[in-house]
Amino acid sequence: MSTEAPGTADTGTSYSFRDLEARWEPVWEELGVFTPKDDGSAERRYVLDMFPYPSGDLHMGHAEAFAMGDVVARYWRQLGYDVLHPIGWDSFGLPAENAAIKRNAHPAEWTYANIDTQAASFKRYAISADWSRRLHTSDAEYYRWTQWLFKRFYEKGLAYRKDHPVNWCPKDQTVLANEQVVNGTCERCGTAVTKKSLNQWYFKITDYADRLLDDMEALKGHWPERVLAMQRNWIGRSEGAHVDFAIEALEASEDERKVTVFTTRPDTLHGATFFVVAADAALADELVAPEHRDVLAAYQEEVKALSEIERQSTERTKTGVFLGRQAINPLTGARLPVWAADYVLADYGTGAIMAVPAHDQRDLDFARAFDLPVRVVLDTGEEDPAVSGVATSGEGTLVNSGELDGLGKAQAITRAVEIVEAAGTGRHTVNYRLRDWLLSRQRFWGTPIPIIHCPDCGEVPVPDDQLPVRLPDNLRGEDLAPKGTSPLAAAADWVNVSCPSCGGAALRDTDTMDTFVDSSWYFLRFVSPHYTEGPFDPEAARNWMPVGQYVGGVEHAILHLLYARFFTKVIHDLGLLEATEPFSALLNQGQVLNGGKAMSKSLGNGVDLGEQLDRFGVDAVRLTMVFASPPEDDVDWADVSPAAAGKFLARAWRMAQDVSSPAGGDPETGDRALRTVTHRSVAEAAELLDSGKFNVVVAKLMEMVNATRKAIDSGAGSADPAVREAAEAVAVILSLFAPYTAEGMWEQLGHEPSVANAGWPVVDPHLLVQDTVVAIVQVKGKVRDRLTVPADISEEDLRELALASEPVQRALDGRELRTVIVRAPKLVNLVPAS
RNA sequence: GCCCGAGUGGCGGAAUGGCAGACGCGUCGCACUCAAAAUGCGAUAUCGAAAGGUGUGUGGGUUCGAGUCCCACCUCGGGCACCA
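Position numbers for residues start from 1 in each chain and track the written sequence from start to end. Labels follow written order: the first chain is A, the first ligand is 1, and so on. Where totals are concerned, whole chains, interfaces and linings use all residues; where local detail is concerned, this predicted model gives features only for residues with pLDDT of at least 70, and gives and counts side-chain atom pairs only at 80 or more. Calculated side-chain values reflect all of the structure's heavy atoms, with hydrogen atoms and water omitted.

Student: How do you make sense of the overall build of chain A when you look at a structure like this?
Tutor: Numbering goes from the N terminus for both helices and strands, where a helix is a DSSP run of H or I of at least four residues and a strand is a run of E of at least two. Looking only at helices and strands, chain A has 27 helices and 34 strands in total. In terms of overall dimensions, chain A has a C-alpha envelope of 105 × 85 × 50 Å along the principal axes. Looking at chain A as a whole, 53% of its 834 residues qualify as buried. When contacts within chain A are restricted to residue pairs at least 6 apart in sequence, long-range pairs at least 24 apart make up 71% of them. Roughly 35,200 Å² of accessible area belongs to chain A as shown, and the carbon and sulfur atoms make up 49% of that amount. Only four residue types enter the tally: Lys and Arg on the positive side, Asp and Glu on the negative side, with His and both chain ends excluded. Taken as the charge location is NZ of Lys, CZ of Arg, CG of Asp or CD of Glu. Looking at chain A, you have 82 positive and 121 negative side-chain charges, and the mean spots of the two groups are 2 Å apart. Burial classes follow relative accessibility: with a 1.4 Å probe on protein chains only, a residue under 20% of its type's maximum area counts as buried, one over 50% as exposed, and anything between as partly exposed. The contact definition used throughout considers only heavy atoms, calling two residues in contact when any of these lie within 4.5 Å. Under the convention used here, a 1.4 Å probe and the Shrake-Rupley method define accessible areas, while residue burial counts only the protein chains that appear.

In structure tokens form, the structure reads like this:
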């Protein structure tokens, strides 16, 4: 093939990525250069890539993400920090289970075989990881601590069970968290999600809604804005009021009761013309009048039959039934008919609303469908909603609202809250969209929930000294097939235990945890992966946390990152951890596309990483990933050229070969012009690396190589110490991107391995100062001339020089000057009178 | 509908308010070669013979000076959405 990479010939003197890979991988392994000293002798820094799920071998996406993380790790190491850069696997999860069912095997076989494959690939890919800290979440030694943490959550009331309608994936036969439902379909398999009422385990993440929101302030500027926006959106804070509505008794014997609604628009209380409760909430059954019970039941059946996709459609005409009862508006005393409808959600707010059709589109749609009155209370100057069918929600003046009349919207909101607060029928409140995290799953390959159900004692946690609750190892193949209840229930000798509390016969909880639980604390385990007294050594956590740079895909913007933040806060509250945030900086690397589209089997546009590595070499692939675009942007493999990256690497390598001066010479005696380029480039590279512009750093490296090549061929010559200095600087910086080539260059230049320990090149500040600079001369903002002037030229002199310039005079054409801007020594702008 | 982000050559992309297009891909030309590959050198926004003009999605604005800041809009990408 014509695109074959250069240097495949094995001549010994030409660039061969195969030789370099074969030579250095074992050397690095032996040297152990990537294990942190962890002795406090240098400032510690923690860089982490989102750990992979072991689905087959590594793919292009891994190659991109880990190339980015590795640049950071290697850069920090060159700067002299003690760097923690661990690797592990998120190894529980459905695919292993499905593979096991298909092959009549145990999920562990598939999982650990894949992990070995990926580990070998990571080593080949030259990830500078500390392999001694490797962990897998499916190891009993790991999930023991996942269970331990679950128990601490349980003790704090942050893990609880409840009966509730939950998201159910009919294909995977398991429940899903809200975060795992995308547009009404299962995030994993795309099947339409249905609702099912089940008793399930939840983490009370809603207790942390305000802190999860407020603490994002500190992440601003260090996390991508869009991730913060997504989390903000997901938490969905909304300020408003709780208002109590009395419910009229139907007969004297019945107790009067009240129902509280949540509203963001207490200013429109006078505009409420009816009252709606969620059809699937217990409230609907409690409020329905006896003679309406059958109608409600029929309606509820109808609602249940709808898929989530249908139910969420805003196109649908509103449906609902009258419950035969009235609610009393606490502000006006008006009687409002109580309806049940599916456009009101049972698990948001209080599951009941006051309907203000004039100023809420959904209420208006409902009012028009059932011929209910529309009462305008805020004059916005727009058309009457009852006529237009469009609810008005803008600014305006209150009308038809008693003492609120004449107020603006914001004032009216404040005033209305004051009124209901004074009357004891309402209060200011903050509501969140965030729901509790449904964590139990009816699947096998996950962390068992360490709870025992005793007929006498109820829920009894498994004592700490009996952890881990290991998965039974006698289930395989069909035993694991999804059947709607956990496969663990089939392991009779595992399920049946004696109650730790009373000793009587009891049953283990047979659900396993969502795998997002496992990944919510793995970054903490990495600080002390072999610690046996707890999930992590508090001392080590104090030393390493928080993660200084986290790298991973934006697809985890909500799920993993929100959960990990939640866990960190709870663990902090448990007194185990100082940090309150897990990741102080986040980089979302882009996707690797092919032909403008995500690679996929169905499109047949996949690019195989192994093939690319065979053909172009590890370094060329890594360099291509980094050079193609800013780290956060997508890389389209159809637009880039790993062959060109290989060419550059060969060019850099040849440059090192051509250096003919011995090591240890004095660069001060070398070519000044080349030294200036080298030192300035090194300084710029550091700045660019600090600000994450890795692609531009590669451009700088190319400039350095170009300049050095020129110096060798037609300037100072190969023996000049400045040439050696330049080649060494290139080797060190290149080691962040192309470690094999850089190591080869470093050896060629007469140094001991590893270049990873070389240290960042020291910049001589004198070489950054220029003697002369090119000043640009503008006339009315347009460049007319360029003058080479002393760097310390005075404003007056520069102005004189500019005025003397021939092209400037031509452009001025004799006109008088109105303004002259002089920014010595860089710029003069002459503005003529007319 | 609401909330983020982005629009720069044929392509990927550079550019603390101060020379737009660094670096690379591609293309064209040249050297080396019997020839090719590899390598090296040069050209490459656009109109124009040149002088010079025009150019960073569109329209305004701020400024001596705007790709960069402000306002409005258009297009694309992403997130949320019957959340009261």
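Student: Help me understand the packing of helix H21 (residues 642–658) against helix H23 (residues 694–714) in this model?
Tutor: The relative placement of two packed helices is expressed as an angle between their axes plus a distance between the axes. Only C-alpha atoms enter the line fits that serve as axes; for helices the fit covers just the stretch in contact. Angles between N-to-C directions range over 0 to 180 degrees. Where H21 meets H23, the axes come as close as 10 Å, and the angle between the chain directions of the two elements is 40°. What the angle tells us is that H21 and H23 run oblique. With respect to the hand of their crossing, H21 and H23 are arranged in left-handed fashion. Residue-level contacts link Phe648, Arg651, Ala652, Arg654, Met655 and Asp658 of H21 to Leu701, Met702, Val705, Asn706, Thr708, Arg709 and Ile712 of H23. For this scheme, ten residues count as nonpolar: Ala, Val, Leu, Ile, Met, Phe, Trp, Tyr, Cys and Pro. Four count as charged, namely Asp, Glu, Lys and Arg, and the remainder, Gly too, count as polar. Residues that form the contact of H21 with H23 fall into these classes: 7 nonpolar, 2 polar and 4 charged. Convention used here: angles under 35 degrees read as roughly parallel, angles over 145 as roughly antiparallel, angles from 65 to 115 as roughly perpendicular, and any remaining angle as oblique. Helix crossings get a hand from a simple test, with the near helix turned counterclockwise from the far one by less than a right angle marking a left-handed crossing and a clockwise turn marking a right-handed one.

Student: Help me out: how do you make sense of the environment of Lys162 in this one?
Tutor: Take Lys162: it is sitting in strand E5 (residues 159–169). Of the residues examined, Lys162 reaches a relative accessible area of 26% and is grouped as partly exposed. For the pair Lys162 and Arg335, spaced 173 residues apart in sequence, the C-alpha to C-alpha distance is 35 Å. Not counting residues within four places of it along the chain, the set of residues in contact with Lys162 comprises Leu198, Asn199, Gln200 and Tyr202. A polar contact is formed between the side chain of Lys162 and the side chain of Tyr160, at a distance of 3.5 Å. The definition of a polar contact used here is a pair of N or O atoms within 3.5 Å, where within protein one atom must be able to donate a hydrogen and the other to accept one, and adjacent residues in sequence count solely through side-chain atom pairs.

Student: Help me out: how do you make sense of the pattern of salt bridges in this one?
Tutor: Oppositely charged side chains can pair when the atoms bearing their charge come close. A side-chain nitrogen of Lys or Arg and a carboxyl oxygen of Asp or Glu constitute a salt bridge if their distance falls within 4 Å. Applying the stated criterion to the full structure yields 44 salt bridges. Residue Glu109 pairs with Arg476 through a salt bridge whose shortest N-O separation is 3.8 Å. You can see Glu109 sitting in helix H4 (residues 107–124) and its partner Arg476 sitting in the loop between strand E22 (458–461) and helix H14 (492–495), a full 367 residues away along the chain. What makes Glu109 partly exposed here is its relative accessible area of 46%. Within the structure, one salt-bridge network assembled from shared partners comprises Asp38, Arg44, Asp130 and Arg133.

Student: Is there a simple way to explain the protein's contact with RNA strand B in this structure?
Tutor: A single heavy atom is enough: if one lies within 4 Å of a molecule or strand, its residue is considered near that molecule or strand. For RNA strand B, the set of nearby residues contains 52 residues, the closest of which are Thr264, Lys318, Arg362, Ala628 and Arg786. Sugar plus phosphate: this is where 66% of the atoms of RNA strand B within 4 Å of the protein reside. Here a sugar or linking oxygen of RNA strand B sits 2.8 Å away from a polar atom, N or O, in the main chain of Tyr343. The element best represented in the surface near RNA strand B is H23, accounting for 7 residues.

Student: I would appreciate a short explanation of the packing of helix H2 (residues 60–78) against helix H20 (residues 618–627) in the present structure.
Tutor: Their axes nearest at 9 Å, the elements H2 and H20 cross at an angle of 85°. Regarding the angle of H2 to H20, the classification is roughly perpendicular. Here Met60, Ala63, Glu64, Ala67, Met68, Asp70, Val71 and Arg74 of H2 lie close against H20, whose contacting residues are Arg622, Met625 and Val626. Classifying every residue of the contact of H2 with H20 gives 7 nonpolar, no polar and 4 charged.

Student: What exactly am I supposed to notice about the packing of aromatic side chains here?
Tutor: Two rings from Phe, Tyr or Trp (for Trp, the six-membered ring) form a pair when their centres sit within 6.5 Å of each other. Planes less than 30 degrees apart are called stacked, planes more than 60 degrees apart edge-to-face, and all others tilted. Taken as a whole and judged by the stated rule, the model has 40 aromatic pairs. Where Trp339 meets Phe366, the ring centres are 5.4 Å apart and the plane angle is 90°; that geometry is what we call edge-to-face. You can see Trp339 sitting in strand E14 (residues 335–341) and its partner Phe366 sitting in helix H11 (residues 361–370), a full 27 residues away along the chain. An aromatic cluster of at least three residues, connected via ring pairs, comprises Phe150, Phe153, Tyr154, Trp201, Phe203, Tyr208, Trp437, Phe516, Tyr563, Phe566 and Phe567. A cation sits over an aromatic face here: Arg74 above Trp28, 5.9 Å from the ring centre. For a lysine, the NZ atom is tested; for an arginine, the CZ atom; a charge sits over a ring if that atom is within 6 Å of the ring centre and within 35 degrees of the ring normal. Over the aromatic face of Tyr343 sits the side chain of Lys318, whose NZ or CZ is 5.4 Å from the ring centroid.

Student: I would appreciate a short explanation of the side chain of Asp70 in the present structure.
Tutor: Structurally, Asp70 can be placed in helix H2. Overall, the relative accessible area of 0% leaves Asp70 in the buried class. Separated by 2.7 Å, the side chains of Asp70 and Arg74 make a polar contact. Excluding its chain neighbours within four sequence positions, the residues that come into contact with Asp70 are His85, Ala126, Ile127, Ser128, Arg622 and Leu736.

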